[in-house]
Each structure stands twice: as C-alpha cells, then as structure tokens.
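Here's the letter readout for the chains.
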Amino acid sequence: MNIIMIGAQGSGKGTQAEALERELGLTPCASGDLLRDHIARGTPLGQEARPYYERGDLVPDGLVIQMILDFIRSSGGRGITLDGFPRTTPQAEALDAALRQMGQRIARVLYLEAPRALLLDRLSGRYICRAHGHVWNIKTRPPRTPGICDYDESELYQRSDDTPEKIAHRLDIFFSETIKLLDYYSAQHKVTRIDGAQPIEVVTAAVLAAVRG
Ligand SMILES: [Zn+2]
C-alpha cells in the first residue's frame, strides 16, 4: 500500500506520516531526506545525484524514482508514505510507469488542505534552537521559556528563509504546482482531500479512514 501525501509546508504532513507508520506500518519516505541519505552513504545512485545536488540543480527524476523504488523494496512490503515527490505531472507519470514495472502502484493520494493564511501564520511562528536545530513554534508548540530551547537551553532563532516574504513565495510555488498534480491523480479517482486546519487527532482519524478505505 503506497500513499502519496501532498500538503504545503506547515500542513502537518510529517505528523500524519508518523501516524500512518504507527497505525498501519507504512514507512515514511520524504524524497529530500532520501536523496541526502543516498548522497551521504555514497551509494551508486547517490554518487550520480551528488553533482546536481551540490550545484543546487534539480536531481534528474529518473534517479529520484530509482531511490523510491529501492526504498519500497527495502521497506518490508507494507508500503510507504511518499512526501515531496512527485511535484509535477511528468514526474507523476514517470513514477506510475516505474511502479507498474515492479507490480506496485499508488493506492491513494491524501491532500492535507490548509488555508494560506493559516499556513503563513504557522510557518512564521517557527523558531530553531542554535545548539541542535530543535524546532519550536510560538503558535503551535511553544517552548516553556520564550526564546529558549526546552531540551538544551540554547537560544532560539528564526531561519532566514522563514521570513514572511520567503514563506509566501514558497507557498505560491506549492499551490501552482499542486493544482496540476491533484488533477492528474483525480483523473485516477485516488485523491482524498482532508481539512488540515482541524486538530491533529481529527486529521489523523480522517487520514486513517481514507487509507483504510
Ligand atoms: Zn535544542
């Protein structure tokens, strides 16, 4: 059972992918982490991807898809929750074709929908600790003492790419890409839209219901 989770930064995808792992044994597969892991381990795919990654260029879709197929093979057969790939219709088509060749498919596409204003609000509240990069949020997950990490008491700061302008730009890109991707999977009757503005437990219940069918 392979799931694609679509949602803007701040929509709670990571939390819901963890719930799918806990409840249904689906292994989370964030494509950015997967890529960095291959590069760090120096696998053949990682070695091919490294020059693109280091130049800041997009890594060719074929390489990312091979990494995803490897991940499915090694994930024990219960399936994965894919996050971060595909982002475009050609990528979705290529992924479908590659999965078909190994007798796999995408069973369902979950779209965690959240209004732009809520995402902006959540994202602009993000603070990171200087010592270990622990993530806090003054709106949704505040530290006990303002400006100080609970775990290591180091100072909290806001990342330079978490300014309102940069967040707004990333959301613009997300919304323009995602609409096309939803069209592609809607034509396959696979999309479930879930209101990501609800409390986490309510979202989780909806996610599990959608996947269990
Ligand atoms: Zn910390």
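Details of the structure are given in the entry above.
Residues numbered from 1 in each chain as written. Predicted model: local features only at pLDDT ≥ 70, side-chain atom pairs only at ≥ 80, totals over all residues.

Would you mind going over the overall build of the chain with me for this structure?
Looking only at helices and strands, the chain has eight helices and eight strands in total. Over its C-alpha trace the chain gives a radius of gyration of 18 Å, about what one expects of a compact globule, namely 17 Å for 213 residues. Referenced to the eigenvectors of the C-alpha coordinate spread, the extents of the chain come out at roughly 55 × 40 × 30 Å. A total of 213 residues make up the chain; the buried ones form 28% of that total. The contacts of the chain with a sequence gap of at least 6 include a subset with a gap of at least 24, amounting to 66%. (Helix = DSSP H or I, 4+ residues; strand = E, 2+ residues; numbered from the N terminus. Rg over C-alpha atoms; globule rule 2.2 N^0.38 Å. Buried ≥ 20, exposed ≤ 12 C-beta atoms within 10 Å, placed from the backbone. Contact = placed C-beta atoms within 7 Å.)

Can you help me understand the sheet that holds strand E5 (residues 126–129) in this one?
Through backbone hydrogen bonds, the strands of a sheet pair up, either in parallel or in antiparallel fashion. With antiparallel pairing, the three strands of this open sheet are ordered in space as E6-E5-E7. A strand with exactly one partner marks an edge of an open sheet, and here the two such strands are strand E6 (135–137) and strand E7 (156–157). (Pairing = 2+ DSSP bridges.)

Is there a simple way to think about unusual backbone geometry in this case?
Negative phi values dominate among residues other than glycine, just as trans dominates among peptide bonds. Following Phe-85, the chain continues to Pro-86 via a peptide bond in cis, the omega torsion being -5°. Among the structural elements, Pro-86 can be located in the loop between strand E3 (80–83) and helix H5 (89–101). Although it is not a glycine, Glu-153 sits at a positive phi angle of roughly 60°. Although it is not a glycine, His-189 adopts a positive phi angle of roughly 55°. Among the secondary structure elements, His-189 is positioned in the loop between helix H7 (164–186) and strand E8 (191–195).

Sorry if this is basic, but what is going on with the nonpolar core here?
In a soluble, globular protein the nonpolar side chains are often hidden away together inside. Membership of the largest hydrophobic core comes to 37 residues, with the highest contact counts inside it found for Ile-3, Met-5, Leu-82 and Leu-110. Examining the composition of this core, we find that five residues originate from one element, strand E4 (residues 106–113), more than from any other. Leaving out residues up to four positions away in the same chain, Leu-110 has contacts with Ile-3, Met-5, Ile-6, Thr-192, Ile-194, Val-207 and Ala-210. (Core = buried A, V, L, I, M, F, W, Y, C linked by C-beta atoms within 7 Å.)

Teacher, can you tell me more about the packing of helix H3 (residues 44–55) against helix H4 (residues 61–74) here?
Two measures define how a pair of helices packs: the angle their axes make with one another and the distance between the axes. At their nearest, the axes of H3 and H4 sit 10 Å apart, and the two run at 150° to each other. By the angle between their axes, H3 is roughly antiparallel relative to H4. Note on packing geometry: the crossing formed by H3 with H4 is left-handed. Across the interface between the two elements, Leu-45, Glu-48 and Ala-49 from H3 touch Leu-63, Gln-66 and Met-67 from H4. Considering only residue class, the contact of H3 with H4 consists of four nonpolar, one polar and one charged. (Axes fitted to C-alpha atoms, helices over the stretch in contact; angles between N-to-C directions. Parallel < 35°, antiparallel > 145°, perpendicular 65-115°, else oblique. Left-handed = near helix turned anticlockwise from the far one by under 90°. Nonpolar A, V, L, I, M, F, W, Y, C, P; charged D, E, K, R; others polar.)

The quantities given are spatial measurements derived from coordinates; they are silent on function.
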